[in-house]
Amino acid sequence: METNEQAKAKGGKRRRAPIVCAVVAVVLVCAGGGFYVWHNQPSFCNAICHEPMDYYVDGYYGEGDEAHAQLAVAHQQEGVTCLQCHEATLESQVNEGTAWVSGAFETNADGSLAPQLITADKQQCVTAGCHDWNDVVAATENWGGQAGVNPHRSHQGEAIDCSNCHSVHGQSVMYCNTCHSWEVPEGWSSPAK
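What counts, and where the lines are drawn
Residues numbered from 1 in each chain as written. Predicted model: local features only at pLDDT ≥ 70, side-chain atom pairs only at ≥ 80, totals over all residues. Heavy atoms only, no water. pLDDT = per-residue confidence, 0-100. Helix = DSSP H or I, 4+ residues; strand = E, 2+ residues; numbered from the N terminus. Core = buried A, V, L, I, M, F, W, Y, C linked by side-chain atoms within 4.5 Å. Buried < 20%, exposed > 50% of the residue type's maximum accessible area, 1.4 Å probe, protein only. Contact = heavy atoms within 4.5 Å. Salt bridge = Lys/Arg side-chain N within 4 Å of Asp/Glu carboxyl O.

Draft legend 1. Spotlight on the confidence of the model for the protein chain. Of the residues in the protein chain, 85% have a pLDDT of 70 or more, and the chain-wide mean is 81. By mean pLDDT, helix α2 (residues 42–49) is the weakest element of the protein chain at 74, and helix α8 (residues 133–139) is the strongest at 92.

Draft legend 2. Quick look at the nonpolar core. With 7 residues, the main nonpolar core is built from W143, V149, C165, M174, C176, W182 and W188. Those residues in contact with W143, other than ones at most four positions away along the chain, are V149, P151, M174, W182, E183 and P185.

Draft legend 3. View of unusual backbone geometry. One non-glycine residue with positive phi stands out, namely N142, at about 55 degrees. Mapping N142 onto the fold places it in the segment after α8. Residue classification places N142 among the partly exposed positions, given a relative accessible area of 38%.

Draft legend 4. View of the pattern of salt bridges. Using the criterion set out here, one finds 1 salt bridge in the structure. Here R153 makes a salt bridge to E141, at a shortest N to O gap of 3.5 Å. Here R153 is found in the segment after α8, whereas its partner E141 is found in the segment after α8, with 12 residues between them in sequence. Residue R153 is classed as exposed on the basis of its relative accessible area, which comes to 55%. A residue is classified by how much of its surface remains accessible, and E141, at 36% relative accessible area, is partly exposed.

Here it is in structure tokens:
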């Protein structure tokens, strides 16, 4: 038969169990929330992958050379994080994690992660809170003082992706000058002919 003291001790343990479970749950939720917030910051990319991502994260914060930093810095100054353009799907996260653990990723001669040929099209760039296509077209009307010239109203239609010219992590290129001789924005280059 159970004594009164044993019954009280047993009852105290039962009352503590939900409290302990609740504390553990709160800690896990807070840790998960903190990880989620950190995962959405550019610093996550080079904290986990270290040197291969430094080039990109430094460019985002304006700490790299001018040619590779201009559009990344512009996005950072507007409060746009990496994951707003580079969607972190479960599949992409698993593939990137697997590549990192196995070392199956390419780097440039300088040790930075080799570009993955990710393109940015009008659908990606012209979204709510990002770029307004009509404003972009209006801002480049009569480009370089040449009547009727507008690099955003191409005679090639919508076939050209934004990333044909605009490079967030590299030097932007005036793609139109493959054929034309239009004004090249400061810091940009013309394509090799």
